[in-house]
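Report on the structure
Single-letter residue listing:
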Amino acid sequence: MSDTDTIEPSAYFFGYIGVASAVVFANLGSSYGATKSGVGICSMGVLKPDLIMKSVIPVVMAGILGIYGMIVGVILQGKVSSITAQSASKQGYAYLSAGLCCGLSSLAAGLSIGIVGDAGVRANAQQDRIFVGMILILIFAEALALYGLIVSLILSQTS
Amino acid sequence: MNWGNPYDWTAVEWQSATWGERFMYIDPYFWSYFGVALALATSIIGASWGIFVTGVSLLGSTVKAPRIRSKNLISVIFCEAVAIYGVIMAIIMIGKVQTIESYPENQMSQCYTTALFGGYSLFWTGVSVGLSNLICGIAVGVTGSGCAIADAQTPETFVKILVVEIFGSALGLFGVIVGIIQCSGASFLKDCL
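Bear in mind that the values here come from a model prediction, so they are computed numbers and not experimental data.

What chain B contains, in helices and strands, is six helices and zero strands. For chain B, the α and β elements follow one another from N to C terminus as α-α-α-α-α-α. Taken against the 2.2 N^0.38 rule, which gives 16 Å for 193 residues, the C-alpha radius of gyration of chain B at 23 Å runs more than 25% over that of a compact globule. Per-residue burial over chain B gives 52% buried out of 193 residues. At a minimum sequence separation of 6, the contacts of chain B that also span at least 24 residues come to 85%. Total accessible area on chain B is roughly 8,300 Å²; 70% of this is exposed by carbon and sulfur atoms. When the 8 basic and 11 acidic side-chain charges of chain B are each reduced to a single mean position, those positions are 23 Å apart.

Below, the structure is given as structure tokens:
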């Protein structure tokens, strides 16, 4: 029946690609979100310095994406190190998939947070009723990364 | 599951195998899990694309017409629904992939072929669901952007453009329906056949 002695070596290769892609793509998204909103804050802050601290919210939300990537990276790294021989290649591909899910979702969320944050802080400087609307849209954008995190954690539980 | 040599090829057959024959030896589990990742990741890219296209126009138009702010958040919610379609499909597909622990005596090649069928169907489910949701997210986003701008000028146009947006969000639903039918044939059973 199934061979329980040897672990398929490529399982580690694909598993660690998963770890790397979770961290790398999530950080790409996080950095895009922070920089794009940051440019908006700096432009807006020239004329309305009192609004700067309130406008830092998109940057904080983008920073959270990097944390999601790190969480999934650490969890997957522990799982990849302890791949069992029973279903080694299946686990390797599952961890690859988990890393890609978290990383690419956080990348997409970061793009969205950055662009919406940039437009939002500039519009907020002109019209203060926009603040609540900007926060709501940013929350929806952040939720996308959360969906990726949830599916990654489900995938990381494969045995 | 260590597939080994499912079709019992000899060394000579391995030497003269075409690329198409070697392609079959890519692990079925790779195809399944990569399909899951594709379904989720491309759906979420579509949703985020829609959110930022709509969000930018919404925020810009609200500067001069603050009354449109709350009503037009529905466009953002339509885009979020696209991401949820992706999550639902990913969870359904993960449920289809189970560990094959053993196979009936002397039926390794049938077992492997069944698993390969399952892997291919899950991969292409991921492609069809993911790409439909990507396109749907962009469609809803662009329409929502137009909706916000029009609403800022002429409030009567809001509901009319919302109807267009509903048609747009049906694209994601089509993808999910086809995806569910597509992955229904995939089966990775504990004892293979």
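A few words on the UniProt feature "transmembrane region" (unreviewed entry) in chain B. All names here are of chain B. Under the UniProt annotation, the feature "transmembrane region" (unreviewed entry) is placed at residues 30-60, 72-94, 122-149 and 161-181. Between the first and last C-alpha atoms of residues 72-94 the distance is 35 Å; the span itself is 96% helix and 0% strand. For residues 161-181, helix accounts for 100% and strand for 0%, while the C-alpha atoms at its two ends are 32 Å apart.

Once that is clear, we can look at the UniProt feature "domain: V-ATPase proteolipid subunit C-like" (unreviewed entry) in chain A. Residue and element names in this part refer to chain A. Per the UniProt record, the feature "domain: V-ATPase proteolipid subunit C-like" (unreviewed entry) sits at residues 17-76 and 96-155. Along residues 17-76, the helical share is 82% and the strand share 0%, with 10 Å between the first and last C-alpha atoms. Between the C-alpha atoms that bound residues 96-155 there is a distance of 9 Å. The span itself is 95% helix and 0% strand.

Residue and element names in this part refer to chain A. Summed over the entire model, instances satisfying the criterion amount to five salt bridges over all chains. A salt bridge links Asp118 to Arg122, with the nearest nitrogen and oxygen atoms 2.8 Å apart. In this pair, Asp118 and Arg122 are both assigned in helix H3 (residues 88-126), four residues apart and thus about one turn of the helix distant. What makes Arg122 partly exposed here is its relative accessible area of 34%. One continuous salt-bridge network, built from bridges that share partners, spans Lys36, Asp118 and Arg122.

All names here are of chain A. Under the present numbering, the feature "transmembrane region" (unreviewed entry) in UniProt falls on residues 12-35, 56-76, 96-118 and 130-155. When the span residues 56-76 is considered, its composition is 95% helix and 0% strand, and the gap between its end C-alpha atoms is 31 Å. Between the C-alpha atoms that bound residues 130-155 the distance is 39 Å, and the span itself is 100% helix and 0% strand.

Rules of the game
Residues numbered from 1 in each chain as written. Chains lettered and ligands numbered in written order. Predicted model: local features only at pLDDT ≥ 70, side-chain atom pairs only at ≥ 80, totals over all residues. Heavy atoms only, no water. Helix = DSSP H or I, 4+ residues; strand = E, 2+ residues; numbered from the N terminus. Rg over C-alpha atoms; globule rule 2.2 N^0.38 Å. Buried < 20%, exposed > 50% of the residue type's maximum accessible area, 1.4 Å probe, protein only. Contact = heavy atoms within 4.5 Å. Areas by Shrake-Rupley, 256 points an atom, 1.4 Å probe, with all protein chains shown as cover. Lys, Arg positive; Asp, Glu negative; His and termini not counted. Charge placed at Lys NZ, Arg CZ, Asp CG, Glu CD. UniProt positions renumbered as here; feature names shortened; annotations may be inferred. Salt bridge = Lys/Arg side-chain N within 4 Å of Asp/Glu carboxyl O.

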